[in-house]
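# Secondary and tertiary structure notes
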Amino acid sequence: MQLENKASVKRFQDDLLTWFKGNQRDLPWRQDGDPYKVWVSEIMLQQTRVDTVIPFFNRFVDKFPTIEALAIAEEGDVLKAWEGLGYYSRARNLQTAVREVHEQYNGIVPSSKAEISKLKGVGPYTSGAILSIAYGIPEPAVDGNVMRVISRIIASYDDISKQKARVKIEGIIATLISIDDPSSFNQGLMELGALICTPTSPSCSICPVQKHCLAFEQKIQLELPIKAKKKQPKEKKLVCAFIKNENDQVLIHQRPTTGLLASLWEFPNVELEGEELMELQLEKFLQNEFSLQTTIGQQIFHVEHVFSHLKWDVTIFDVELLSIGIKPNERSQWVSALEIKAYPFPVSHQKIMKHCLIN
Ligand code: SF4
């Protein structure tokens, strides 16, 4: 390992910090070091690219600028502000944890590892990021970018999808992190992974830590890191109804309060089973679930959506309502094209809405 003594660790820190200070991107959550904003940004950045997060982050902190504002907000408003970002349990956990901070810590994000780590949805990465970036505490913050960079620097063939590899890298960061500026150190490693030490074509020729990197020295940077392939997501076929009543209102339905996309709204849909025609299965579902007499019309749209473990393949039919004045069940609503905008929908159903209400 190139970083075997204090002097070489110091040189590594200096090279990384100098580069970061001259090259960091101007990101909205880097502006004031507010622990709440750092927290929101780190939760949004999990599984989501920086460019995608920026407009969501700006809108979210405009709407909920403080711990208190988010703590007292309605869950539906929080989900609406998160609409389109996916992984909605992140938003629900964030609000649960923020309420705890509001009630138990007087609205101040705790600065101790033991306390912050107990908050819902705050794992080792998020706690390390908040403690180092907002409070200047030298805690490792190991995300996917950092795992890749460190695996290459130490030329490690450990499988980074394994918890053991993460723990090992956290231990290495704890020995490398700058005590004077842990915020820039952690952000510098993340930024290096995002801009220079990228997954498939690392720019080693302009890398500020090239002389510390064993993978570069051994010309194995393209082999690393090792990451076991994920299982293919399981496919679910769904059939979905776009259905209007006599007042030109469309039927929407709220998902259960737990599980996938909990409490979000959607157009009525059901998973296909067996060989029976899609139209027949949809007609029976609308009768059983909503007591609606219908005629299934044309197939009008088709949408696919991939979650981390699951793929939805949704076929949407235009459905004619035969029964008039039916009251939907308690988790359903008839809404106008204007009213529907106030409800939080998952991305797949936003696409259906856009297609069916605009076309
Ligand atoms: Fe990554 Fe190349 Fe820099 Fe090593 S030299 S850290 S492989 S970009």
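Residues numbered from 1 in each chain as written. Predicted model: local features only at pLDDT ≥ 70, side-chain atom pairs only at ≥ 80, totals over all residues. Heavy atoms only, no water.

## Considering the domain arrangement of the chain
You can read the domains of the chain as domain 1 (6-217) and domain 2 (234-358). Facing nine residues of domain 1, the contacting portion of domain 2 comprises 13 residues. Buried surface at the junction of domain 1 and domain 2, summed over both partners, amounts to about 790 Å²; 56% is from carbon and sulfur atoms. Linking domain 1 with domain 2 are zero salt bridges. Inspection of the domain 1/domain 2 interface yields four residue pairs in polar contact (both at pLDDT 80 or more). The element best represented in the side of domain 1 that touches domain 2 is helix 5 (residues 75-82), accounting for four residues. Partitioned by chemical class, the residues of the side of domain 1 that touches domain 2 number three nonpolar, two polar and four charged. (Domains from an automatic or database assignment. Contact = heavy atoms within 4.5 Å. Buried area = accessible area lost by both parts, 1.4 Å probe. Salt bridge = Lys/Arg side-chain N within 4 Å of Asp/Glu carboxyl O. Polar contact = N/O pair within 3.5 Å; in protein donor to acceptor, adjacent residues only side chain to side chain. Helix = DSSP H or I, 4+ residues; strand = E, 2+ residues; numbered from the N terminus. Nonpolar A, V, L, I, M, F, W, Y, C, P; charged D, E, K, R; others polar.)

## Some thoughts on the sheet that holds strand 7 (residues 332-335)
Pairing is antiparallel in the open sheet, where three strands are placed in the order 3-2-7. With partners counted over all chains shown, the strands left at the sheet margins are strand 3 (265-266) and strand 7, one partner each. In this structure, strand 2 (residues 250-254) lies alongside strand 3, joined through two bridges in antiparallel fashion. Among the inter-strand pairings, Gln254 is bridged to a residue of strand 3, identified as Trp265. (Pairing = 2+ DSSP bridges.)

## Regarding the sheet that holds strand 5 (residues 294-306)
The strand order across the open sheet formed by four strands is 4-1-6-5, and the pairing between neighbours is mixed. Two strands in the sheet have a free side with no partner beyond their single neighbour: strand 4 (269-271) and strand 5. Direction aside, neighbouring strands of the sheet carry axes that sit 25 degrees apart on average. (Axes fitted to C-alpha atoms, helices over the stretch in contact; angles between N-to-C directions.)

## Quick notes on the site of the ligand
Around the ligand, the surrounding shell consists of Arg152, Ile153, Ile196, Cys197, Pro202, Cys204, Cys207, Gln210, Cys213, Phe216 and Gln221. Residue composition of the shell around the ligand, by class: eight nonpolar, two polar and one charged. (Near = heavy atom within 4 Å.)

## Thoughts on the environment of Ile243
Along the chain, the position of Ile243 falls in strand 1 (residues 234-243). Overall, Ile243 belongs to the buried group, its relative accessible area being 0%. Separated by 75 residues in the primary sequence, Ile243 and Asp318 place their C-alpha atoms 6.3 Å from one another. The residues touching Ile243, leaving out its near neighbours within four places in the chain, are Gln249, Val250, Leu251, Leu292, Thr294, Val319, Leu321 and Trp334. (Buried < 20%, exposed > 50% of the residue type's maximum accessible area, 1.4 Å probe, protein only.)

## Considering the pairing of strand 2
Buried residues dominate strand 2, accounting for five of its five residues. Side chains Val250, Ile252 and Gln254 project from strand 2 onto one buried face, and the interleaved Leu251 and His253 project onto a second face that is buried too. The sheet contact formed by strand 2 and strand 7 spans four bridges and is antiparallel. Along strand 7, the bridge assignment pairs Ile252 with Gln333.

## A few points about the pattern of salt bridges
Within this structure, the stated rule accounts for 18 salt bridges. Ionic pairing is found between Asp32 and Lys37, a salt bridge with its closest N-O pair at 3.1 Å. According to the relative accessible area criterion, Asp32 is partly exposed, its value standing at 47%. Put simply, Arg255 and Glu266 hold a salt bridge, and the shortest N to O gap is 2.8 Å. In this pair, Arg255 is assigned in the loop between strand 2 and strand 3 and Glu266 in strand 3, connecting sequence segments 11 residues apart. By the burial criterion, Arg255 is buried, and Glu266 matches it. Members of the salt-bridge network, linked through shared partners, are Glu235, Lys237, Glu304, Lys311 and Asp313.

## Let's talk about the packing of aromatic side chains
For the structure on display, the rule yields nine aromatic pairs. Look at Phe12 and Phe185: their rings are 6.3 Å apart centre to centre, the planes differ by 65 degrees, and that puts the pair in the edge-to-face class. Placement of Phe12 in helix 1 (residues 6-23) and of Phe185 in helix 11 (residues 182-195) is noted, with a sequence separation of 173 residues between them. Judged by relative accessible area, Phe185 falls into the buried class, the value being 0%. Seen in terms of ring centroids, Phe307 and Trp312 are 5.1 Å apart; in terms of plane orientation they differ by 80 degrees. Their pairing is edge-to-face. Residue Phe307 is classed as buried on the basis of its relative accessible area of 14%. Through successive ring pairs, a cluster of aromatic residues spans Phe60, Phe64 and Trp82. The ring of Phe56 has Arg59 lying over it, and the distance from NZ or CZ to the ring centre is 5.0 Å. (Phe/Tyr/Trp six-rings, centres within 6.5 Å; stacked < 30°, edge-to-face > 60°. Lys NZ or Arg CZ within 6 Å of the ring centre and 35° of its normal.)

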